[in-house]
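One letter stands for each residue in the lines below.
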Amino acid sequence: MADTDPTGGLWNWAVACPLDPDRVRGALAGTLERSVVPLEAEGDVLCDVYEVGGEFPTLVDVYLAPSRVDEATAASAVSVRLGAAVLLPDDSLDPSAYVLATPDGSLIAVHVDEIETDDGPERRNVRPATTGR
């Protein structure tokens, strides 16, 4: 139940193709098993979906994400449901480090170039992460 699952915070994802906002919210709702609505509506989870350029043109901001759900696991499940790769920040302080959730359910550490535009951040040049060790 949503009232027993405290909300976490904000998830910021980017999807590798243009998508209808309702389709994104539906995939997220199915994954989280709770209502997902636009920012101006009332529901368990709020979700803003908008388009920018770059290799990941659909940006997804998830507000009131349930704290007991691992973000990478949720992104992986949404990626499978959408049939499109989903990019999410990793837990490091490296601004170019991300996790790539692929439509087959895999999670891959990657680096991405990000350019800030008037429409929002564009992400390009996804490449495998390398360790400096």
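The notes below deal with the structure included here.

Cut-offs and rules
- Residues numbered from 1 in each chain as written.
- Predicted model: local features only at pLDDT ≥ 70, side-chain atom pairs only at ≥ 80, totals over all residues.
- Heavy atoms only, no water.
- Helix = DSSP H or I, 4+ residues; strand = E, 2+ residues; numbered from the N terminus.
- Rg over C-alpha atoms; globule rule 2.2 N^0.38 Å.
- Buried < 20%, exposed > 50% of the residue type's maximum accessible area, 1.4 Å probe, protein only.
- Expected span 1.5 Å × (residues − 1).
- Contact = heavy atoms within 4.5 Å.
- Polar contact = N/O pair within 3.5 Å; in protein donor to acceptor, adjacent residues only side chain to side chain.

**Description of the overall build of the chain**
Part 1 of the reasoning: Helices and strands together make up the secondary structure of the chain, namely 2 helices and 8 strands.
Part 2 of the reasoning: Expected size for 133 residues packed as a compact globule is a radius of gyration near 14 Å; at 14 Å, the chain falls within 12% of this value.
Part 3 of the reasoning: Over its C-alpha atoms, taken along the principal directions, the chain stretches across nearly 45 × 35 × 25 Å.
Part 4 of the reasoning: Per-residue burial for the chain yields a buried fraction of 41% across its 133 residues.

**Comments concerning the environment of Ser67**
Part 1 of the reasoning: Tracing the backbone through its elements, the reader meets Ser67 in the loop between strand S4 (58–63) and helix H2 (71–82).
Part 2 of the reasoning: Residue Ser67 is classed as partly exposed on the basis of its relative accessible area, which comes to 42%.
Part 3 of the reasoning: Separated by 58 residues in sequence, Ser67 and Gly9 have C-alpha atoms that sit 7.4 Å apart.

**Examining H2**
Part 1 of the reasoning: In this model, H2 (12 residues) spans 16 Å end to end at C-alpha, consistent with the 16 Å of a helix rising 1.5 Å per residue.
Part 2 of the reasoning: Looking at H2, one finds that the buried residues are Ala72, Ala74, Ala75, Ser76, Val78, Ser79 and Leu82.
Part 3 of the reasoning: Residues of H2 that are buried sit in contact with strand S1 (10–15), helix H1 (21–32), strand S5 (86–89), strand S6 (97–101) and strand S7 (107–116).
Part 4 of the reasoning: By the N-cap criterion, in which a side-chain oxygen at the helix start approaches the backbone nitrogen of a residue two or three places on, H2 is capped by Asp70, the distance to Ala72 being 3.3 Å.
Part 5 of the reasoning: Directly beyond the C-terminal end of H2, a positive phi value near 70° is found at Gly83.

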